[in-house]
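# Coordinates in review
Each chain is listed here by its residues.
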Amino acid sequence: FESVSSLFTFSSSARAEQEEEVVAFRHTVVRLMSLMHGSALEEIKDDISVTFDVLDIMGLDMKTLLYLFEAKEQRGENRVEVL
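Here goes a summary of the coordinates provided. (Residues numbered from 1 in each chain as written. Predicted model: local features only at pLDDT ≥ 70, side-chain atom pairs only at ≥ 80, totals over all residues. Heavy atoms only, no water.)

## Some details on the pattern of salt bridges
Think of it this way: side chains of opposite charge can pair up when their charged atoms draw near. One pass over the full model with this rule turns up four salt bridges. Notably, a salt bridge pairs arginine 15 with glutamate 19, separated by 3.4 Å at the nearest N-O pair. Arginine 15 sits in the partly exposed class, given a relative accessible area of 34%. Its salt-bridge partner being aspartate 56, residue arginine 31 comes within 2.7 Å of it at the nearest N-O pair. You can see arginine 31 sitting in helix H2 (residues 19–44) and its partner aspartate 56 sitting in the loop between H2 and helix H3 (62–73), a full 25 residues away along the chain. For arginine 31, a relative accessible area of 15% gives the class buried. (Salt bridge = Lys/Arg side-chain N within 4 Å of Asp/Glu carboxyl O. Buried < 20%, exposed > 50% of the residue type's maximum accessible area, 1.4 Å probe, protein only. Helix = DSSP H or I, 4+ residues; strand = E, 2+ residues; numbered from the N terminus.)

So this is what it looks like as structure tokens:
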């Protein structure tokens, strides 16, 4: 929470000149933090049938989604660490 809060605060000064970019940046940060939280819960879950929802994962670009999928499924990397 604190890291997201700091990023939002730091981006406030640019909001007047770059409204669209700041909004897009903030939305991306929230999506990534949601994905990181869900991925962390998935790493420690006991029941493989349990799934965790994340906020608007399709709002991330396909290159990012593909990289995250390959990191976990093909290279066996910890998705939380990649994020």
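## What about the side chain of serine 11?
Within the element layout of this structure, serine 11 appears in helix H1 (residues 2–12). A distance of 2.9 Å separates a polar side-chain atom of serine 11 from the backbone oxygen of phenylalanine 8. Here arginine 26 takes part through its side chain, which lies 3.0 Å from a polar atom of the side chain of serine 11. Setting aside residues up to four positions removed in sequence, serine 11 forms contacts with Val22, Phe25 and Arg26. (Polar contact = N/O pair within 3.5 Å; in protein donor to acceptor, adjacent residues only side chain to side chain. Contact = heavy atoms within 4.5 Å.)

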